[in-house]
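One-letter residues, chain by chain:
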Amino acid sequence: DEGDDDDVAEVLSVSDTPMKSVRKSTTKRRRYTLAYKANVLSTLDEMQSNTCNKSRSVMATAEKFGIHHSLVAKWAKKAHRQALNSTLSTCRYGKKRYNSNDARNTHLHPGSKSKYAEEEKTLLSKLQVTRSRGIKVSGRWIRVNIRRIIRQNRGASGSAEFQSSSGWFNSFLRRSRLSLRVTSNAKAKSAEERVPAVKKWHAQLRRRVQKGRRVSEKWGRWLPRNRFNVDQVPLALHSAKERTYAPTGASNVWVADSKHGDDKREATLQLCVCLTADDGVEQPYPVVIFRGQGKRISAQEKA
């Protein structure tokens, strides 16, 4: 009938109209990083502080980021917030900046629980003590020590059953938040142990500046043209920097160097810079200091 055809046409016209705020779609589902979720919740908190209507703030936040409001409501739940904050607390630098791999993850679930959870806990404690002494931790070190711990706890049969495969190794690093890092400090002592000596040196320098004949009320004993900063940079051409497994996101990765000065075996670059270039003061040239007494350098090269 004509009436039935009109009803069908009306239904088709309504179904073809795009519906707003529909989460289910034929397109591929999108994944959101933890840093993105934290940004959404931060915007939601700001909007809720300015309005008393929570539902409106949820809708406004969803509209601002172009996502469905049910996602914002789900992320705003207490349990989800706590899990999100706990994960991002280990990879936060500054106020709203995330640089760790954890911030780029798209899930909060830590993964399946390890069969050797107690042994891994003991291994992680031993690793932290080893790293606190400035000792390098390699992948072989991790595999050897986990086998020793399993043998102590479960006997020879348990050690034989355990397979230190690449899958277990990568999962242990992810669960323990460890990664292979390049060393940033190769001194014999850690930065914390050297703080008193650095403070003492600055205190002595301050006293020397204040003593003696003052040539200027502003600059004191030495004028800017008489002040030079000297620093030496090693040119280690024989080997690259050491690498060790350390917590992801750590700002200082220390490995104690037993052979002090070994990184300067080939040559050392010395830089001397004056504080000012006024009054005709020329900046000193950079100097490259080679190892040895110079007996093999020809007269032509010395000239």
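For clarity, every value in this text was computed on a predicted model and none was experimentally measured.

Novice: Hey, could you run me through the pairing of strand 4 (residues 267–274) in this one?
Specialist: Residues in a regular strand project their side chains so that they alternate between the two faces of the sheet. In terms of strand pairing, strand 2 (residues 228–235) meets strand 4 through eight bridges, oriented antiparallel. Among the inter-strand pairings, Gln 232 is bridged to a residue of strand 4, identified as Gln 270. Pairing analysis gives four bridges linking strand 4 to strand 5 (residues 287–290), with the strands arranged antiparallel. Within strand 5, the residue paired with Ala 267 across the bridge is Phe 290.

Novice: What's the story with the packing of aromatic side chains in this structure? I'm lost.
Specialist: For any pair of aromatic rings, the description consists of the separation of the ring centres together with the inter-plane angle of the planes. Counted by the stated rule, this structure contains seven aromatic pairs. Centre to centre, the rings of Phe 169 and Tyr 245 are 5.6 Å apart; their planes meet at 85°, and the pair counts as edge-to-face. With Phe 169 in helix 8 (residues 166–176) and Tyr 245 in strand 3 (residues 243–247), the pair connects residues that are 76 residues apart, well separated along the chain. On the basis of relative accessibility, which here comes to 6%, the residue Phe 169 falls in the buried class. Residue class for Tyr 245 comes out buried when judged on its relative accessible area of 12%. Each residue in the set Tyr 32, Tyr 36, Phe 65 and Trp 75 is aromatic and connected to the rest through ring pairs, giving one cluster.

Novice: Is there a simple way to think about the environment of Ala 76 in this case?
Specialist: Its place among the elements puts Ala 76 in the loop between helix 4 (69–75) and helix 5 (78–88). According to the relative accessible area criterion, Ala 76 is partly exposed, its value standing at 25%. For the pair Ala 76 and Ser 42, spaced 34 residues apart in sequence, the C-alpha separation works out to 9.9 Å. Apart from the residues within four sequence positions on either side, Ala 76 is in contact with Leu 41, Leu 44 and Arg 81.

Novice: Is there a simple way to think about the environment of Ile 146 in this case?
Specialist: Relative to the helices and strands, Ile 146 is located in helix 7 (residues 139–161). Distance from Ile 146 to Tyr 116, taken between C-alpha atoms, is 9.4 Å for residues 30 residues apart in sequence.

Thresholds applied
Residues numbered from 1 in each chain as written. Predicted model: local features only at pLDDT ≥ 70, side-chain atom pairs only at ≥ 80, totals over all residues. Heavy atoms only, no water. Pairing = 2+ DSSP bridges. Helix = DSSP H or I, 4+ residues; strand = E, 2+ residues; numbered from the N terminus. Phe/Tyr/Trp six-rings, centres within 6.5 Å; stacked < 30°, edge-to-face > 60°. Buried < 20%, exposed > 50% of the residue type's maximum accessible area, 1.4 Å probe, protein only. Contact = heavy atoms within 4.5 Å.

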